[in-house]
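# Structural description and commentary
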Amino acid sequence: MEILILLGAPGSGKGTAAGFIAGQGGFTHISTGDMFREAIRRRTAAGREADRHMGGGDLVPDDMVMAMIRERLSWDPPRTRYVFDGFPRTVPQAALLDRHLGKESGRILAVILLDVPSEVLAVRLTGRRVCPACGAIFHTANRPPRQEGVCDACGGSLIRRDDDHETTIRRRLDVYRQRTEGLVEYYETRHLLRRIDASGPPADVHRDLARHLDLPGEAAPC
Ligand code: AP5
Ligand code: MG
């Protein structure tokens, strides 16, 4: 297996970028956040446990995340290429992933850090609307759906995510600084990290991603 990792603060555009990469480059998109939200929706035991952490903006415990990832990766043929969005998120998760890849003869192609100033993050998160049916991501100002409240892709009703409220957003940004930013050094020392200025509009970010990753679509729509 080959893996691209998208690293970045809440609201930096990981999900949006992963959707673009998956569409352009034949990568399977894996978002641990989406997987936990689906487990919460289905009221599984893992979902109930994840909800206790996610609701307040904290991270789900590493062992639970890794168990879910191992199980998910076991579904696909060994040569699958993945784009990971939101995983790993702590240095112990990165070390567990390295161990898993060692066993499975997999490798990390690159780790893309989406760099966005913190004042922009809050605006992106408060204006985000998502489609729970198909996972499409919109923004009230930056990427509005054609019809307000309705998903362009599947016609589902758009919602605001439970953790996209002021207090939880602040907590998520703190947790990112405390627990996830250490991964920048982790991957820098392994010569895997590439930084992208992701503060511009989606079309600019996609063009830079396509250039860095040698994907076909330079000027693909956002
Ligand atoms: P997760 O779902 O991964 O959330 P997150 O990391 O907080 O990131 P977001 O999904 O909020 O933002 P994003 O970077 O994907 O941005 P998006 O593309 O949507 O995780 C949620 C929770 O699950 C965590 O808090 C934790 O509890 C738990 N969890 C998940 N993984 C875990 C793990 N590995 N370990 C432990 N716990 C875990 O874009 C945001 C908005 O901006 C959208 O409206 C979009 O339209 C807009 N936008 C995107 N790009 C641009 C652009 N270039 N210009 C303008 N607007 C843009
Ligand atoms: Mg996301």
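See the structure shown above.
Conventions and cut-offs
Residues numbered from 1 in each chain as written. Chains lettered and ligands numbered in written order. Predicted model: local features only at pLDDT ≥ 70, side-chain atom pairs only at ≥ 80, totals over all residues. Heavy atoms only, no water. Near = heavy atom within 4 Å. Polar contact = N/O pair within 3.5 Å; in protein donor to acceptor, adjacent residues only side chain to side chain. Areas by Shrake-Rupley, 256 points an atom, 1.4 Å probe, with all protein chains shown as cover. Helix = DSSP H or I, 4+ residues; strand = E, 2+ residues; numbered from the N terminus. Nonpolar A, V, L, I, M, F, W, Y, C, P; charged D, E, K, R; others polar. Domains from an automatic or database assignment. Expected span 1.5 Å × (residues − 1). Contact = heavy atoms within 4.5 Å.

### A short note on the site of ligand 1
Lining the immediate environment of ligand 1, one finds 35 residues, of which Thr16, Asp58, Arg89, Arg128 and Arg172 sit closest. Residue Thr32 places a side-chain N or O atom 2.7 Å away from a nitrogen atom belonging to ligand 1. Here a nitrogen atom of ligand 1 and a side-chain polar atom of Arg124 are 3.3 Å apart. Expressed as a share of its isolated accessible area of 1,000 Å², the protein-covered part of ligand 1 is 97%. Mapped by element, the contributors of at least two residues to the shell around ligand 1 are α1 (14-25), α2 (32-41), α6 (118-126), β6 (137-139) and α9 (202-213). Of the residues assigned to the shell around ligand 1, the class counts are 14 nonpolar, 12 polar and 9 charged. Split by domain, the residues of the shell around ligand 1 number at least three in each of domain 1 (2-116 + 165-213) and domain 2 (126-160).

### Notes on α9
Between the first and last C-alpha of α9 there are 16 Å, a value that for 12 residues agrees with the 16 Å anticipated at 1.5 Å per step. Structurally, α9 contributes buried residues whose contacts are with β1 (2-7), α1, β4 (107-115) and β7 (193-197). Directly beyond the C-terminal end of α9, a positive phi value near 60° is found at Asp214.

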